[in-house]
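# Geometric and topological summary
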Amino acid sequence: QVLLVESGGGLVQAGGSLRLSCAASGVASSTYHMGWFRQGPGKEREFVGGISRYGVTTIDADSVKGRFTISRDNAKNTVYLQMNNLKPEDTAVYYCAAHDRWSAIRTPAYWGQGTQVTVSS
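All values reported here derive from a predicted model rather than from experimental measurement. Chains are numbered independently. Their residues run from 1 in the order of the written sequence. In view of the model being predicted, local features appear only for residues whose pLDDT reaches at least 70, and side-chain atom pairs are presented and counted only at 80 or more, with totals across whole chains, interfaces and linings using the full set of residues. No hydrogens and no water enter the side-chain calculation; it runs on all heavy atoms of the structure.

Further remarks concern the state of the cysteines. One way to say it: the disulfide is the covalent bond shared by the sulfur atoms of two cysteines. Disulfide assignment relies on a single distance test, namely cysteine sulfur atoms paired within 2.5 Å. Per the stated rule, a full pass over the model turns up one disulfide. Disulfide pairing places Cys22 opposite Cys96 at an S-S distance of 2.1 Å. A torsion of -80 degrees about the S-S bond marks the disulfide between Cys22 and Cys96 as left-handed. With a gap of 74 residues between them, Cys22 in strand β3 (residues 18–25) and Cys96 in strand β9 (residues 92–99) connect regions that are remote in the sequence. Remark: exposure states derive from per-residue accessible area (1.4 Å probe, protein chains only) relative to the maximum for the residue type, with buried under 20%, exposed over 50%, and partly exposed in between. Look at Cys96 and you get buried, because its relative accessible area is 0%. Helix numbers and strand numbers start at the N terminus; a helix is a DSSP run of H or I with at least 4 residues, a strand a run of E with at least 2.

Right, here's the structure in full:
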């Protein structure tokens, strides 16, 4: 099976940056389209953005456009979420996810365990 493990979360002051990583095992990450989701306290899980197996990216959350970028390194079986100019409202558990159909990336088949990002004001 596909195992996804996120890392890189933590506590950061507003305006700071973090880079989240998602390491895939069980299958090469290049086989899958990857997505990032987040769930803030008391909120529904939302799709942040995704990256196709070929490196095409999409950012759905208007609130993070221009601040978050997604990339992947297939040689390392890893995808990244670079988060800049973080705001308190970015506080959430961030999840990595995967699907082998790009059209279904917003309803992924595989999920990581999540990593906490906390942004202080």
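Structure shown, so let's carry the discussion forward.
Tracing the sequence through the fold places Thr115 in strand β11 (residues 115–120). Residue classification places Thr115 among the buried positions, given a relative accessible area of 10%. Nitrogen and oxygen atoms within 3.5 Å of one another constitute a polar contact, given that in protein one can donate a hydrogen and the other can accept it, and given that sequence-neighbouring residues count only through two side-chain atoms. Of the polar contacts made by the side chain of Thr115, one reaches the backbone nitrogen of Gly9; its length is 3.3 Å. Pairs of residues are marked as contacts when any of their non-hydrogen atoms sit within 4.5 Å. Those residues within four positions of Thr115 in sequence are excluded, and the remaining contacts are Glu6, Ser7, Gly8, Gly9, Leu20, Ala92, Val93 and Tyr94.

Residues grouped as a nonpolar core are buried Ala, Val, Leu, Ile, Met, Phe, Trp, Tyr and Cys residues, joined through side-chain atoms within 4.5 Å. Judged by nonpolar contacts, the single largest core of 27 residues is most densely connected at Leu4, Met34, Trp36, Phe68, Leu81, Met83 and Tyr94. Mapped onto this core, the elements with two or more residues apiece are β3, β4 (33–39), β5 (46–51), β7 (68–73), β8 (78–83), β9 and β11. Leave out the neighbours within four places in its chain, and Phe68 touches Arg38, Val48, Ile59, Leu81, Gln82, Met83, Asn84, Leu86, Asp90 and Tyr94. If you look at the next biggest cluster of nonpolar residues, it comprises five residues, including Phe47, Tyr95, Ala97 and Ile105.

Within the fold, Glu6 resides in strand β1 (residues 3–7). Positive: Lys, Arg. Negative: Asp, Glu. His and the chain ends are not part of the count. The salt bridge criterion pairs a side-chain nitrogen of Lys or Arg with a carboxyl oxygen of Asp or Glu, the two atoms within 4 Å. Look at Glu6: it is buried, it has no salt bridge, and the nearest opposite charge is Arg45 at 8.0 Å. In this structure the side chain of Glu6 is engaged in a polar contact, spanning 2.6 Å, whose partner is the backbone nitrogen of Cys96. Separated by 2.9 Å, the side chain of Glu6 and the backbone nitrogen of Gly114 make a polar contact.

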